[in-house]
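As a plain string of letters, each chain reads:
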Amino acid sequence: MSLRLARTPALEPPSSSAFTLGVEEELFAVDPADLTPIACSEALVRNGRLTRGRITGEMCDGVVELATPICTDAIDAVDALRDLRREAVRGGSLTLLGAGLHPTLPFGDVAHRHSPHYDRVSADTRSLLRQSTYCGVHVHVGMPDAETTIAAFNGMRKWIPLLQALGANSPFWHGQDSGLASSRTVVCHSVPRTGLPRAFRDWEDYAQTTAELCRVAEAPDASSIWWDMRPHATLGTLEIRCLDEQSSLRDLAALVALAHCLVRHEALIADRHNPSVEVLAEATFRALRDGIDAALSLGGPVQPVRYHARHALDLVSGYAPALGATAPLSDLERILIEGNGAVRQRRVYRRAGMPAVLKLLRAETMMTDSAAKPVVLAETRA
(Lines give C-alpha, C1' and ligand atoms only; values in the text may rest on other atoms or scores of the structure.)
Protein backbone atom coordinates (compact mmCIF):
# COMPACT_ATOMS: atom_id res chain seq x y z
CA MET A 1 0.00 0.00 0.00
CA SER A 2 2.98 2.24 0.53
CA LEU A 3 6.65 1.74 1.29
CA ARG A 4 7.63 -1.65 2.65
CA LEU A 5 8.91 -1.42 6.18
CA ALA A 6 12.59 -2.19 6.48
CA ARG A 7 14.09 -3.47 9.71
CA THR A 8 16.28 -0.37 10.19
CA PRO A 9 14.70 2.32 7.99
CA ALA A 10 15.70 5.91 7.54
CA LEU A 11 13.11 8.46 8.60
CA GLU A 12 11.66 10.14 5.54
CA PRO A 13 8.80 12.54 4.77
CA PRO A 14 5.49 10.83 3.99
CA SER A 15 5.43 9.28 0.54
CA SER A 16 2.67 10.02 -1.97
CA SER A 17 0.93 6.79 -0.98
CA ALA A 18 1.20 7.34 2.78
CA PHE A 19 -2.08 7.42 4.72
CA THR A 20 -4.01 5.76 1.94
CA LEU A 21 -6.64 3.20 2.98
CA GLY A 22 -7.50 -0.41 2.41
CA VAL A 23 -10.40 -2.14 4.15
CA GLU A 24 -11.19 -5.85 4.49
CA GLU A 25 -14.55 -6.99 5.80
CA GLU A 26 -15.74 -10.50 6.64
CA LEU A 27 -19.41 -11.35 6.15
CA PHE A 28 -21.59 -14.41 6.62
CA ALA A 29 -22.76 -15.89 3.34
CA VAL A 30 -26.24 -17.16 4.20
CA ASP A 31 -29.17 -18.96 2.65
CA PRO A 32 -31.74 -16.39 1.49
CA ALA A 33 -34.58 -18.44 3.02
CA ASP A 34 -33.47 -19.22 6.58
CA LEU A 35 -30.43 -16.86 6.84
CA THR A 36 -28.10 -19.58 8.13
CA PRO A 37 -24.52 -19.80 6.80
CA ILE A 38 -23.97 -21.99 3.75
CA ALA A 39 -20.77 -23.60 2.47
CA CYS A 40 -20.27 -21.60 -0.69
CA SER A 41 -16.88 -19.93 -0.43
CA GLU A 42 -15.15 -21.84 -3.21
CA ALA A 43 -17.96 -21.35 -5.72
CA LEU A 44 -18.30 -17.68 -4.83
CA VAL A 45 -14.60 -16.99 -5.27
CA ARG A 46 -14.48 -18.88 -8.59
CA ASN A 47 -17.51 -17.17 -10.07
CA GLY A 48 -16.84 -13.59 -8.96
CA ARG A 49 -16.75 -10.92 -11.67
CA LEU A 50 -15.23 -8.00 -9.90
CA THR A 51 -14.72 -4.43 -10.99
CA ARG A 52 -12.77 -3.25 -7.90
CA GLY A 53 -11.18 -5.21 -5.09
CA ARG A 54 -11.44 -8.93 -4.46
CA ILE A 55 -13.63 -11.59 -2.87
CA THR A 56 -11.83 -14.42 -1.10
CA GLY A 57 -12.73 -17.32 1.14
CA GLU A 58 -11.97 -17.25 4.84
CA MET A 59 -10.85 -19.95 7.24
CA CYS A 60 -14.46 -20.87 8.00
CA ASP A 61 -16.68 -21.87 5.11
CA GLY A 62 -19.79 -19.73 5.07
CA VAL A 63 -17.68 -16.60 5.60
CA VAL A 64 -16.35 -14.46 2.75
CA GLU A 65 -13.88 -11.62 2.82
CA LEU A 66 -14.35 -8.53 0.69
CA ALA A 67 -11.21 -6.43 0.22
CA THR A 68 -10.92 -3.01 -1.35
CA PRO A 69 -8.11 -1.84 -3.60
CA ILE A 70 -5.93 1.00 -2.34
CA CYS A 71 -8.30 3.89 -1.64
CA THR A 72 -7.91 7.56 -0.84
CA ASP A 73 -10.51 7.86 1.91
CA ALA A 74 -13.35 6.15 3.77
CA ILE A 75 -15.98 7.07 1.19
CA ASP A 76 -13.85 5.58 -1.59
CA ALA A 77 -13.28 2.39 0.43
CA VAL A 78 -16.92 1.92 1.37
CA ASP A 79 -18.02 2.56 -2.22
CA ALA A 80 -15.75 -0.33 -3.25
CA LEU A 81 -17.23 -2.56 -0.52
CA ARG A 82 -20.74 -1.59 -1.62
CA ASP A 83 -19.96 -2.82 -5.14
CA LEU A 84 -18.41 -6.01 -3.78
CA ARG A 85 -21.48 -6.76 -1.65
CA ARG A 86 -23.67 -6.41 -4.75
CA GLU A 87 -21.41 -8.58 -6.86
CA ALA A 88 -21.16 -11.29 -4.19
CA VAL A 89 -24.91 -11.92 -4.25
CA ARG A 90 -25.38 -11.69 -8.00
CA GLY A 91 -27.42 -14.70 -9.10
CA GLY A 92 -29.52 -14.85 -5.95
CA SER A 93 -28.25 -18.18 -4.56
CA LEU A 94 -27.05 -16.50 -1.37
CA THR A 95 -27.25 -13.27 0.56
CA LEU A 96 -24.91 -11.60 3.03
CA LEU A 97 -25.28 -10.89 6.71
CA GLY A 98 -22.99 -8.45 8.53
CA ALA A 99 -22.37 -8.97 12.26
CA GLY A 100 -19.48 -9.87 14.53
CA LEU A 101 -21.13 -13.22 15.28
CA HIS A 102 -24.05 -14.93 13.59
CA PRO A 103 -26.78 -14.51 16.22
CA THR A 104 -28.17 -18.06 16.05
CA LEU A 105 -25.33 -20.28 14.86
CA PRO A 106 -25.07 -23.26 17.27
CA PHE A 107 -21.94 -23.91 19.30
CA GLY A 108 -19.38 -25.82 17.25
CA ASP A 109 -21.25 -25.50 13.95
CA VAL A 110 -18.07 -24.48 12.12
CA ALA A 111 -16.64 -25.91 8.91
CA HIS A 112 -13.00 -25.07 8.29
CA ARG A 113 -11.60 -24.79 4.80
CA HIS A 114 -8.27 -26.49 4.16
CA SER A 115 -5.04 -24.82 3.14
CA PRO A 116 -1.53 -25.04 4.61
CA HIS A 117 -2.06 -21.72 6.42
CA TYR A 118 -5.55 -22.53 7.75
CA ASP A 119 -4.49 -26.02 8.82
CA ARG A 120 -1.55 -24.53 10.73
CA VAL A 121 -3.80 -21.97 12.45
CA SER A 122 -6.30 -24.68 13.38
CA ALA A 123 -3.57 -26.83 14.88
CA ASP A 124 -2.13 -23.86 16.78
CA THR A 125 -5.45 -22.87 18.36
CA ARG A 126 -6.75 -26.44 18.83
CA SER A 127 -10.52 -26.43 19.28
CA LEU A 128 -10.89 -22.72 20.07
CA LEU A 129 -11.63 -21.65 16.49
CA ARG A 130 -13.97 -24.61 16.03
CA GLN A 131 -16.42 -23.23 18.58
CA SER A 132 -17.70 -20.04 16.94
CA THR A 133 -17.31 -18.40 13.54
CA TYR A 134 -16.76 -14.66 13.75
CA CYS A 135 -16.43 -11.74 11.36
CA GLY A 136 -14.46 -8.52 11.69
CA VAL A 137 -13.23 -5.47 9.82
CA HIS A 138 -9.55 -4.75 9.19
CA VAL A 139 -8.57 -1.17 8.36
CA HIS A 140 -5.15 -0.71 6.73
CA VAL A 141 -3.60 2.76 6.75
CA GLY A 142 -0.54 3.23 4.54
CA MET A 143 2.60 4.29 6.38
CA PRO A 144 5.54 6.30 5.02
CA ASP A 145 8.26 4.51 7.00
CA ALA A 146 8.85 2.14 9.88
CA GLU A 147 9.43 4.64 12.69
CA THR A 148 6.27 6.57 11.80
CA THR A 149 4.44 3.25 11.95
CA ILE A 150 5.63 2.67 15.51
CA ALA A 151 4.72 6.22 16.54
CA ALA A 152 1.22 5.75 15.12
CA PHE A 153 0.93 2.28 16.69
CA ASN A 154 1.87 3.56 20.14
CA GLY A 155 -0.51 6.49 19.92
CA MET A 156 -3.38 4.41 18.56
CA ARG A 157 -3.25 1.90 21.41
CA LYS A 158 -5.40 4.14 23.61
CA TRP A 159 -8.06 4.53 20.91
CA ILE A 160 -8.64 0.82 20.29
CA PRO A 161 -11.15 0.40 23.17
CA LEU A 162 -13.11 3.39 21.88
CA LEU A 163 -13.29 1.88 18.40
CA GLN A 164 -14.34 -1.45 19.92
CA ALA A 165 -17.16 0.23 21.85
CA LEU A 166 -18.42 2.23 18.87
CA GLY A 167 -18.20 -0.75 16.52
CA ALA A 168 -19.79 -3.34 18.84
CA ASN A 169 -22.18 -5.46 16.75
CA SER A 170 -22.39 -8.94 18.27
CA PRO A 171 -24.69 -9.03 21.33
CA PHE A 172 -26.22 -12.42 20.50
CA TRP A 173 -24.31 -15.68 20.72
CA HIS A 174 -25.72 -19.16 20.04
CA GLY A 175 -29.26 -17.79 19.95
CA GLN A 176 -29.11 -15.97 23.27
CA ASP A 177 -28.27 -12.50 24.52
CA SER A 178 -24.68 -12.81 25.69
CA GLY A 179 -24.91 -9.86 28.05
CA LEU A 180 -22.11 -8.28 26.02
CA ALA A 181 -22.12 -5.72 23.23
CA SER A 182 -19.27 -7.44 21.37
CA SER A 183 -19.14 -11.18 21.96
CA ARG A 184 -16.88 -11.43 18.94
CA THR A 185 -14.08 -9.72 20.88
CA VAL A 186 -14.30 -12.43 23.55
CA VAL A 187 -14.03 -15.15 20.91
CA CYS A 188 -11.09 -13.38 19.24
CA HIS A 189 -9.27 -12.97 22.53
CA SER A 190 -9.69 -16.65 23.40
CA VAL A 191 -6.81 -17.52 21.09
CA PRO A 192 -3.15 -16.68 21.74
CA ARG A 193 -1.31 -13.54 20.64
CA THR A 194 -4.37 -11.30 20.68
CA GLY A 195 -5.40 -8.16 22.56
CA LEU A 196 -3.02 -5.20 22.76
CA PRO A 197 0.70 -5.41 23.51
CA ARG A 198 2.84 -2.77 25.19
CA ALA A 199 4.13 0.32 23.41
CA PHE A 200 7.43 -0.14 21.55
CA ARG A 201 10.53 2.06 21.72
CA ASP A 202 11.13 1.91 17.97
CA TRP A 203 10.89 -0.43 14.98
CA GLU A 204 13.89 -2.44 16.16
CA ASP A 205 12.17 -3.10 19.50
CA TYR A 206 9.02 -4.18 17.68
CA ALA A 207 10.96 -6.44 15.29
CA GLN A 208 12.91 -8.11 18.10
CA THR A 209 9.76 -8.60 20.19
CA THR A 210 7.76 -10.20 17.39
CA ALA A 211 10.70 -12.40 16.38
CA GLU A 212 11.00 -13.68 19.94
CA LEU A 213 7.23 -14.19 20.17
CA CYS A 214 7.23 -16.20 16.95
CA ARG A 215 10.14 -18.27 18.28
CA VAL A 216 8.44 -19.27 21.51
CA ALA A 217 5.07 -19.78 19.77
CA GLU A 218 6.77 -21.89 17.08
CA ALA A 219 4.99 -19.66 14.57
CA PRO A 220 6.42 -19.23 11.07
CA ASP A 221 6.09 -15.44 10.92
CA ALA A 222 4.24 -12.40 12.23
CA SER A 223 1.05 -13.33 10.35
CA SER A 224 0.36 -15.61 13.35
CA ILE A 225 0.27 -12.60 15.68
CA TRP A 226 -3.38 -11.49 15.83
CA TRP A 227 -3.24 -8.38 17.98
CA ASP A 228 -6.14 -5.91 17.82
CA MET A 229 -3.73 -3.70 15.89
CA ARG A 230 -0.44 -4.58 14.25
CA PRO A 231 2.15 -3.15 11.88
CA HIS A 232 1.89 -5.04 8.59
CA ALA A 233 5.41 -5.00 7.22
CA THR A 234 4.55 -6.75 3.95
CA LEU A 235 1.93 -4.18 2.97
CA GLY A 236 3.58 -1.21 4.65
CA THR A 237 0.49 -0.43 6.71
CA LEU A 238 -0.78 -0.08 10.23
CA GLU A 239 -3.61 -2.62 10.43
CA ILE A 240 -6.48 -1.98 12.87
CA ARG A 241 -8.28 -5.26 13.53
CA CYS A 242 -10.55 -4.52 16.49
CA LEU A 243 -13.91 -3.79 14.82
CA ASP A 244 -16.89 -6.12 14.64
CA GLU A 245 -18.24 -6.55 11.13
CA GLN A 246 -20.85 -3.87 10.39
CA SER A 247 -24.18 -4.46 8.70
CA SER A 248 -24.62 -0.74 7.94
CA LEU A 249 -22.23 0.72 5.39
CA ARG A 250 -22.90 4.19 6.82
CA ASP A 251 -21.75 3.01 10.24
CA LEU A 252 -18.73 1.37 8.63
CA ALA A 253 -17.78 4.55 6.76
CA ALA A 254 -17.92 6.57 9.99
CA LEU A 255 -15.74 4.08 11.88
CA VAL A 256 -13.19 3.80 9.07
CA ALA A 257 -13.02 7.59 8.76
CA LEU A 258 -12.43 7.96 12.50
CA ALA A 259 -9.69 5.32 12.50
CA HIS A 260 -8.08 6.91 9.44
CA CYS A 261 -7.99 10.39 10.99
CA LEU A 262 -6.77 9.14 14.36
CA VAL A 263 -3.87 7.27 12.74
CA ARG A 264 -2.90 10.44 10.88
CA HIS A 265 -3.08 12.43 14.11
CA GLU A 266 -1.00 9.98 16.13
CA ALA A 267 1.59 9.60 13.39
CA LEU A 268 2.19 13.34 13.39
CA ILE A 269 2.19 14.14 17.09
CA ALA A 270 4.14 11.06 18.28
CA ASP A 271 2.37 11.08 21.65
CA ARG A 272 4.60 9.73 24.44
CA HIS A 273 1.68 9.08 26.79
CA ASN A 274 1.28 5.32 26.49
CA PRO A 275 -1.29 3.76 28.83
CA SER A 276 -0.31 0.45 30.37
CA VAL A 277 -1.42 -2.92 29.05
CA GLU A 278 -3.47 -3.36 32.24
CA VAL A 279 -5.37 -0.08 31.86
CA LEU A 280 -6.19 -0.78 28.23
CA ALA A 281 -7.23 -4.36 29.00
CA GLU A 282 -9.79 -3.01 31.48
CA ALA A 283 -10.97 -0.46 28.91
CA THR A 284 -11.39 -3.20 26.30
CA PHE A 285 -13.41 -5.31 28.74
CA ARG A 286 -15.74 -2.42 29.47
CA ALA A 287 -16.03 -1.67 25.75
CA LEU A 288 -16.95 -5.24 24.81
CA ARG A 289 -19.31 -5.52 27.76
CA ASP A 290 -21.17 -2.21 27.52
CA GLY A 291 -20.43 -0.95 24.01
CA ILE A 292 -21.55 2.58 23.37
CA ASP A 293 -22.83 2.90 26.96
CA ALA A 294 -19.45 2.05 28.51
CA ALA A 295 -17.49 4.31 30.83
CA LEU A 296 -13.76 3.71 30.57
CA SER A 297 -10.29 5.17 30.92
CA LEU A 298 -8.04 5.64 27.91
CA GLY A 299 -5.19 6.50 30.26
CA GLY A 300 -6.85 9.41 32.05
CA PRO A 301 -10.10 9.77 34.01
CA VAL A 302 -12.93 7.29 33.55
CA GLN A 303 -15.38 8.95 31.15
CA PRO A 304 -18.39 7.80 29.08
CA VAL A 305 -17.70 6.54 25.57
CA ARG A 306 -19.68 9.46 24.17
CA TYR A 307 -17.27 11.88 25.89
CA HIS A 308 -14.22 10.06 24.46
CA ALA A 309 -15.79 9.92 20.99
CA ARG A 310 -16.53 13.64 20.91
CA HIS A 311 -13.03 14.38 22.19
CA ALA A 312 -11.63 12.25 19.37
CA LEU A 313 -13.77 14.12 16.85
CA ASP A 314 -12.42 17.43 18.15
CA LEU A 315 -8.83 16.18 17.79
CA VAL A 316 -9.24 15.00 14.20
CA SER A 317 -11.47 17.78 12.86
CA GLY A 318 -8.47 19.50 11.32
CA TYR A 319 -7.41 16.38 9.41
CA ALA A 320 -10.88 15.46 8.15
CA PRO A 321 -11.09 17.70 5.03
CA ALA A 322 -7.73 16.59 3.62
CA LEU A 323 -8.57 12.93 4.29
CA GLY A 324 -12.06 13.15 2.79
CA ALA A 325 -13.53 12.27 6.17
CA THR A 326 -15.83 15.21 6.92
CA ALA A 327 -19.05 13.63 5.63
CA PRO A 328 -18.63 10.15 7.14
CA LEU A 329 -17.47 11.56 10.48
CA SER A 330 -20.76 13.47 10.72
CA ASP A 331 -22.48 10.08 11.01
CA LEU A 332 -20.65 9.39 14.28
CA GLU A 333 -22.96 11.83 16.04
CA ARG A 334 -25.93 9.83 14.74
CA ILE A 335 -24.37 6.65 16.15
CA LEU A 336 -23.79 8.33 19.51
CA ILE A 337 -27.44 9.43 19.66
CA GLU A 338 -29.31 6.56 18.00
CA GLY A 339 -27.02 3.66 18.87
CA ASN A 340 -24.69 1.28 17.06
CA GLY A 341 -25.26 -2.20 15.65
CA ALA A 342 -25.48 -3.91 19.04
CA VAL A 343 -28.10 -1.41 20.20
CA ARG A 344 -30.19 -1.89 17.05
CA GLN A 345 -30.03 -5.68 17.31
CA ARG A 346 -31.27 -5.65 20.91
CA ARG A 347 -33.93 -3.04 20.17
CA VAL A 348 -35.40 -5.18 17.39
CA TYR A 349 -35.14 -8.35 19.48
CA ARG A 350 -37.21 -6.78 22.25
CA ARG A 351 -39.86 -5.77 19.75
CA ALA A 352 -40.06 -8.79 17.47
CA GLY A 353 -37.73 -11.62 18.51
CA MET A 354 -34.74 -13.33 16.93
CA PRO A 355 -36.20 -13.83 13.43
CA ALA A 356 -36.49 -10.05 13.19
CA VAL A 357 -32.84 -9.63 14.25
CA LEU A 358 -31.73 -11.79 11.32
CA LYS A 359 -33.99 -9.86 8.95
CA LEU A 360 -32.61 -6.58 10.26
CA LEU A 361 -29.02 -7.68 9.65
CA ARG A 362 -29.81 -8.93 6.16
CA ALA A 363 -31.71 -5.76 5.26
CA GLU A 364 -28.96 -3.45 6.50
CA THR A 365 -26.20 -5.51 4.90
CA MET A 366 -27.87 -5.58 1.50
CA MET A 367 -29.11 -1.98 1.60
CA THR A 368 -26.35 -0.76 -0.66
CA ASP A 369 -27.85 2.65 -1.42
CA SER A 370 -25.14 5.08 -0.31
CA ALA A 371 -27.72 7.42 1.25
CA ALA A 372 -29.58 4.72 3.16
CA LYS A 373 -29.88 4.96 6.91
CA PRO A 374 -29.76 1.84 9.13
CA VAL A 375 -33.01 -0.09 8.93
CA VAL A 376 -35.81 0.25 11.47
CA LEU A 377 -38.09 -2.77 11.26
CA ALA A 378 -41.75 -2.72 12.13
CA GLU A 379 -42.65 -3.70 15.67
CA THR A 380 -44.88 -6.59 14.63
CA ARG A 381 -43.51 -10.00 15.54
CA ALA A 382 -41.78 -11.74 12.64
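Residues numbered from 1 in each chain as written. Predicted model: local features only at pLDDT ≥ 70, side-chain atom pairs only at ≥ 80, totals over all residues. Heavy atoms only, no water.

What follows deals with the environment of Q246. Among the secondary structure elements, Q246 is positioned in the loop between β9 (237–244) and α8 (249–269). Between the alpha carbons of Q246 and L27 there is a distance of 8.7 Å; along the sequence they are 219 residues apart. If we skip the residues at most four places from it in the chain, Q246 touches E25, R85, G98, V137, G167, N169, D251, L252 and L255. Of note is the side chain of Q246, whose polar atom sits 2.8 Å from the backbone oxygen of G167. Reaching out from Q246, the side chain makes a polar contact with the backbone oxygen of D244 at a distance of 2.9 Å. (Helix = DSSP H or I, 4+ residues; strand = E, 2+ residues; numbered from the N terminus. Contact = heavy atoms within 4.5 Å. Polar contact = N/O pair within 3.5 Å; in protein donor to acceptor, adjacent residues only side chain to side chain.)

Before going further, it helps to spend a moment on the packing of α8 against helix α10 (residues 305–316). Where α8 meets α10, the closest approach of the two axes is 10 Å, and the angle between their N-to-C directions is 60°. In terms of orientation, α8 and α10 fall into the oblique class. The handedness of the crossing between α8 and α10 is left-handed. Counting all contacts with α8, which are made through L258, C261, L262 and H265, the residues of α10 involved are A312, L315 and V316. Partitioning the contact of α8 with α10 into residue classes produces six nonpolar, one polar and no charged. (Axes fitted to C-alpha atoms, helices over the stretch in contact; angles between N-to-C directions. Parallel < 35°, antiparallel > 145°, perpendicular 65-115°, else oblique. Left-handed = near helix turned anticlockwise from the far one by under 90°. Nonpolar A, V, L, I, M, F, W, Y, C, P; charged D, E, K, R; others polar.)

On to the side chain of R85. By secondary structure assignment, the location of R85 is in helix α2 (residues 74–88). Here E25 takes part through its side chain, which lies 2.9 Å from a polar atom of the side chain of R85. Only 3.0 Å separates the side chain of R85 from the backbone oxygen of Q246, close enough to count as a polar contact.

Right, let's talk about unusual backbone geometry for a bit. For residues that are not glycine, phi is negative in most cases, and the peptide bond is trans in most cases. For F19, which is not glycine, the phi dihedral falls at a positive 65°. Within the fold, F19 resides in the segment before β1 (21–30). In the Ramachandran plot, E218 falls in the positive-phi region, its phi being about 55° despite a non-glycine side chain. In this structure E218 comes out as exposed when scored by relative accessible area, which is 75%. (Buried < 20%, exposed > 50% of the residue type's maximum accessible area, 1.4 Å probe, protein only.)

Orientation of α10 relative to helix α11 (residues 326–338), taken along the N-to-C sense of each, is 170°, at an axis distance of 11 Å. One finds that α10 runs roughly antiparallel with respect to α11. Residues R306, A309, R310, L313 and V316 of α10 pack against L329, L332, E333, L336 and I337 of α11. Its residues assigned to classes, the contact of α10 with α11 comprises seven nonpolar, no polar and three charged.

Between its terminal C-alpha atoms helix α7 (residues 203–217) stretches 21 Å, which fits the 21 Å expected from 15 residues at 1.5 Å a residue. For α7, the complete set of buried residues consists of W203, D205, Y206, A207, T210 and C214. In this structure, the buried residues of α7 make contact with α4 (146–156) and β8 (229–232). For α7, the side-chain oxygen to backbone nitrogen distance between the N-cap and E204 is 3.3 Å, and the N-cap itself is D202. (Expected span 1.5 Å × (residues − 1).)

Turning next to the pairing of strand β2 (residues 54–57). Taking every second residue as pointing to the same face, the buried face of β2 carries I55 and G57, while none of R54 and T56 on the other face is buried. Sheet topology places β2 next to strand β3 (residues 63–67); four bridges connect them, and they run antiparallel. Bridge assignment links T56 to a residue of β3, and that residue is E65. (Pairing = 2+ DSSP bridges.)

Right, let's talk about the nonpolar core for a bit. If you look at the biggest cluster of nonpolar residues, it comprises 81 residues, and the most contacted ones within it are M156, L163, L166, I240, L258 and L329. The leading source of residues in this core is α8, at 13 residues. Those residues within four positions of L166 in sequence are excluded, and the remaining contacts are L255, L258, I292, V305, A309, L332, L336 and N340. L97, M354, A356 and V357 belong to the second largest nonpolar core, which has 16 residues in total. (Core = buried A, V, L, I, M, F, W, Y, C linked by side-chain atoms within 4.5 Å.)

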